[in-house]
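Here's the letter readout for the chains.
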Amino acid sequence: MFTLSFSAEQQRDLAERLATFLSHYRYLTDSYIIEFFSEDLWHTLPSSWRPVLQDLSYPQVADLLLDAAHGDRRYPSVWPLSLLAFRATAHSLAFPRGCRQERGSSAGSVKPEEFMENQSQSSLLGHIFRKHVKPKKQHEIRKLGTLVKQLCDQTDCNRVVDVGSGQGHLSRFLSFGLGLSVTAIEADHTLVTMASKFDGQLLWALEKEKQKKNCRAQLLLSPSSPRHVAGWVNPKASWEAFVRQLSAADRVSTGPPTPPGPCKKRLKGWKHQGHLVQTLPCRSSTGSQSHELTSQPQPSKSEEPVSSGGTCYSVPPPGHQGVMGLEEDSKQGLPDFILTGLHACGDLSATLLRHFVNCPYVHGITSVACCYMKISTKENPTPPGVVEPPAPATPGQESLPSEFGYPMSSWVRGLPGHQLSYKAREGACHAVEDYIQRLREESELLRTHCYRAMLETFIRDVRPDLRRAGIQTIKKAHLLAFAEYARLGLARVGLPPGLPLDLERVEAMLQQQGRVVVYFSLALLLAPVVETLVLLDRIIYLQQNGVAAQLVPLFNPNFSPRNFVLVALKTHG
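Rules used in this analysis
- Counting restarts for each chain: residues are numbered from 1 in the order of the written sequence.
- The predicted nature of this model means local features are confined to residues of pLDDT at least 70 and side-chain atom pairs, given and counted, to a pLDDT of 80 or more, with totals for whole chains, interfaces and linings taken over all residues.
- As a rule here, side-chain values cover all heavy atoms of the structure and leave hydrogens and water aside.
- Patch definition: residues above 30% relative accessible area lacking any salt bridge, with like charges linked at up to 9 Å and the nonpolar side chains Val, Leu, Ile, Met, Phe, Trp and Tyr linked at up to 5 Å.
- Residue exposure ignores everything except the shown protein chains as possible cover, and the areas themselves are Shrake-Rupley values with a 1.4 Å probe.
- Every case where a carboxyl oxygen of Asp or Glu lies within 4 Å of a side-chain nitrogen of Lys or Arg is listed as a salt bridge.
- Under this rule, positive means Lys or Arg and negative means Asp or Glu; His and the chain ends count for nothing.
- By convention, the point assigned to a charge is CZ for Arg, NZ for Lys, CD for Glu and CG for Asp.
- Helix and strand labels come from DSSP, where a helix needs a run of H or I of at least four residues and a strand needs a run of E of at least two; each type is numbered from the N terminus.
- Here's how the labels work: a residue is buried when its accessible area is under 20% of the maximum for its type, exposed when over 50%, partly exposed in between, all with a 1.4 Å probe on protein chains only.
- Here, axes are lines fitted to C-alpha atoms. For helices the fit covers the stretch in contact, and angles between N-to-C directions go from 0 to 180 degrees.
- Any angle that is under 35 degrees is reported as roughly parallel, and any over 145 degrees as roughly antiparallel; angles of 65 to 115 degrees are reported as roughly perpendicular and all others as oblique.
- It is the rotation of the near helix from the far one that decides the hand of a crossing: anticlockwise by less than a right angle makes it left-handed, clockwise makes it right-handed.
- Throughout, a residue-residue contact means that at least one pair of heavy atoms, one from each residue, lies within 4.5 Å.
- Each residue receives one of three labels: charged for Asp, Glu, Lys and Arg, nonpolar for Ala, Val, Leu, Ile, Met, Phe, Trp, Tyr, Cys and Pro, and polar for the others, Gly being one of them.
- Put simply, two rings from Phe, Tyr or Trp (the six-membered ring, in Trp's case) pair if the centres are within 6.5 Å, and we call them stacked under 30 degrees between planes, edge-to-face over 60, tilted for the rest.
- Only when the NZ atom of a Lys or the CZ atom of an Arg is both within 6 Å of the ring centre and within 35 degrees of the ring normal do we say a charge sits over the ring.
- Here, a strand pair is defined by DSSP locating no fewer than two bridges between the strands.

We now examine a positive patch on the surface. Together, Lys131, Lys197, Lys208 and Lys212 line one region of the surface with positive charge. Looking at the secondary structure, you find Lys212 in helix 8 (residues 189–212). With relative accessibility at 62%, the residue Lys212 sits in the exposed group.

This is how it looks when you write it as structure tokens:
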């Protein structure tokens with residue numbers, strides 16, 4: 001894990017260099033590719049760059065600009081030193097994204113080795129954890145779940161809180177696969193209901209397999225499923241309010257569920273206590289640890305393995321409490337737990353880090369962030385798409401003074417040029433590896449940006465006030481002629497679909513598709529740099545609060561673009 005070599009001074013120095021570099025190229029990070037023609041973005045580039053970039057083939061763009069690891073760089077012309085320095089600096093400042101190769105994996109493979117035999121099923125994840133789970137998520141829950149288990153073992157803490165748990169795929173693997181006591185909290189009530197349903201299906205599948213094998217051993221009574229909490233985690237609420245939210249006891253489902261499957265009979269030999277809890281959000285005021293990843297996790301002494309298809313699954317013993325069960329122990333207070341969030345969106349990942357720092361019951365955290373554009377900043381406190389749901393005030397849920405998702409650390413906050421626009425943060429979410437693959441394949445998908453930029457010019461011809469209108473994705477746009485694409489797009493913004501198009505102008509812009517791709521690639525080159533500054537700010541924030549953190553590129557970036565996991569443990573004693 002490469003961050004171990006960074007001292008606090010080196011972290012601050014890197015943050016300063018990142019802020020300086022990004023502020024110098026703000027015209028790239030803040031630009032919208034759909035304005036390529038309407039804002040003449042090509043001529044915003046240095047005049048010495050344009051001649052050497054405009055005739056590059058798509059594979060050359062991938063090899064010479066975007067791929068930091070490409071060794072055989074053959075330049076078709078002499079590049080200016082400023083362009084070479086730009087590329088080299090962008091690559092050197094960004095955190096390395098490559099994950100450690102697992103046994104048997106081949107370098108540069110687009111898909112992890114676990115999907116080579118079957119592209120939709122991980123060979124390293126038990127079949128009961130693959131149901132309803134897409135390959136990307138299978139890869140993520142297996143690797144993150146194993147890392148969370150290591151943190152639990154290291155801290156002697158068996159309880160985990162999974163925030164933003166969605167349909168509960170990670171929670172089920174942590175609970176049934178790794179024997180941990182899990183509370184899962186999710187704001188979307190529909191997803192919470194689905195998660196509880198899938199828990200029941202997993203238990204039904206386990207019982208069915210035991211019956212097939214004529215096992216005499218009875219399945220444990222009242223096995224502990226993940227405890228699901230339906231609630232919105234308010235980023236402005238205190239950690240005490242968060243803990244009370246997890247501790248809510250108003251069960252909305254208490255009876256044994258009807259098991260899924262072809263036979264609508266209740267299972268025999270076990271009873272399942274429902275674990276669906278509903279809470280109301282509070283109103284705001286305004287040395288490295290190695291991580292071997294195996295397909296058969298070893299249960300602890302307190303767990304009883306349930307065998308299914310050659311893989312062991314851990315079912316907690318009777319009386320095993322969910323994390324929050326958080327029934328308070330009069331002698332020891334609240335139980336300790338580990339926080340985890342797999343692709344916690346926007347401010348949620350920052351909120352979890354603050355709770356980790358301030359809450360005495362949280363011993364460790366694994367944080368995988370996403371949707372950086374939804375992070376609040378001083379300049380943009382309510383980014384587009386972020387809505388705080390109205391809720392009645394809940395007694396005892398205090399609110400804190402406004403704290404933004406970026407920057408979190410006082411050091412980065414004090415750096416000149418540290419500001420990151422909505423567009424810069426949105427760009428940091430793009431998949432660099434996927435675009436490199438498209439360039440090398442010279443994919444027809446590459447024409448989509450050019451089409452949208454062309455359409456923008458025709459929209460503004462008629463409606464100059466209609467800038468960057470939301471058109472949404474047009475299916476298979478790359479396979480359409482531009483005239484058909486324009487007809488569909490114009491209708492979506494309320495303009496006549498038959499609007500006359502200057503065919504000579506259309507053809508002239510189509511000839512510039514290569515320039516559009518090059519410009520987008522220059523901006524994309526800065527995406528990992530922006531992400532590095534956001535994540536480094538969080539590392540420095542933890543360091544300023546007395547906690548050392550590590551940043552692990554855990555997932556295969558070709559498969560899971562947001563592949564960094566921020567890992568931190570509190571030291572006691």
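Take the packing of helix 10 (residues 347–358) against helix 18 (residues 527–544) next. When two helices pack together, their arrangement is captured by the angle between the axes and the distance separating the axes. Two elements in contact, helix 10 and helix 18, have axes whose closest approach is 11 Å; the angle formed by their N-to-C orientations is 15°. The pairing of helix 10 with helix 18 is recorded here as roughly parallel in orientation. Helix 18 is crossed by helix 10, and the crossing has right-handed handedness. Together, Ser349, Ala350, Leu353, Arg354, Phe356 and Val357 of helix 10 and Arg538, Tyr541 and Leu542 of helix 18 make up the contact between the two elements. A per-class count over the contact of helix 10 with helix 18 returns 6 nonpolar, 1 polar and 2 charged.

Here the focus is the packing of aromatic side chains. Scanning the model with the defined rule gives 17 aromatic pairs in all. Centre to centre, the rings of Phe36 and Tyr519 are 6.1 Å apart; their planes meet at 70°, and the pair counts as edge-to-face. Classification of Tyr519 by relative accessible area gives buried; the value is 1%. On the numbers, 5.4 Å between centres and 80° between planes, the contact of Phe129 with Phe173 is edge-to-face. Taken together, the residues Phe129 in the loop between helix 5 (81–93) and helix 6 (135–155) and Phe173 in helix 7 (residues 169–177) connect sequence positions 44 residues apart. The class of Phe129 is buried, set by a relative accessible area of 5%. Look at Phe173 and you get buried, because its relative accessible area is 5%. A network of ring pairs unites the aromatic residues Phe21, Tyr25, Tyr27, Trp49 and Phe86 as a single cluster. Directly above the ring of Phe458 sits Arg505, whose terminal nitrogen or CZ lies 5.0 Å from the centroid. Sitting over the ring of Phe356, Lys570 keeps its end group 5.2 Å from the ring centre.

A word on the environment of Leu41. Secondary-structure assignment places Leu41 in the loop between helix 2 (26–29) and helix 3 (50–53). For Leu41, a relative accessible area of 8% translates into the label buried. Residues Leu41 and Tyr27 lie 14 residues apart in sequence; the distance between their C-alpha atoms is 9.3 Å. Not counting chain neighbours up to four residues away, the residues in contact with Leu41 comprise Ser31, Tyr32, Glu35, Phe36 and Tyr519.

Below, the discussion takes up the pairing of strand 11 (residues 564–569). Among the 6 residues that make up strand 11, 6 are buried, leaving the element largely enclosed by the rest of the structure. Neither face of strand 11 is open: one carries Phe564, Leu566 and Ala568, the other Val565, Val567 and Leu569, and all of them are buried. Of the strand pairs in this sheet, strand 9 (residues 362–370) and strand 11 are connected by 4 bridges, and their pairing is antiparallel. Across the sheet, the residue bridging to Ile365 is Ala568, located in strand 11. In terms of strand pairing, strand 10 (residues 549–553) meets strand 11 through 5 bridges, oriented antiparallel.

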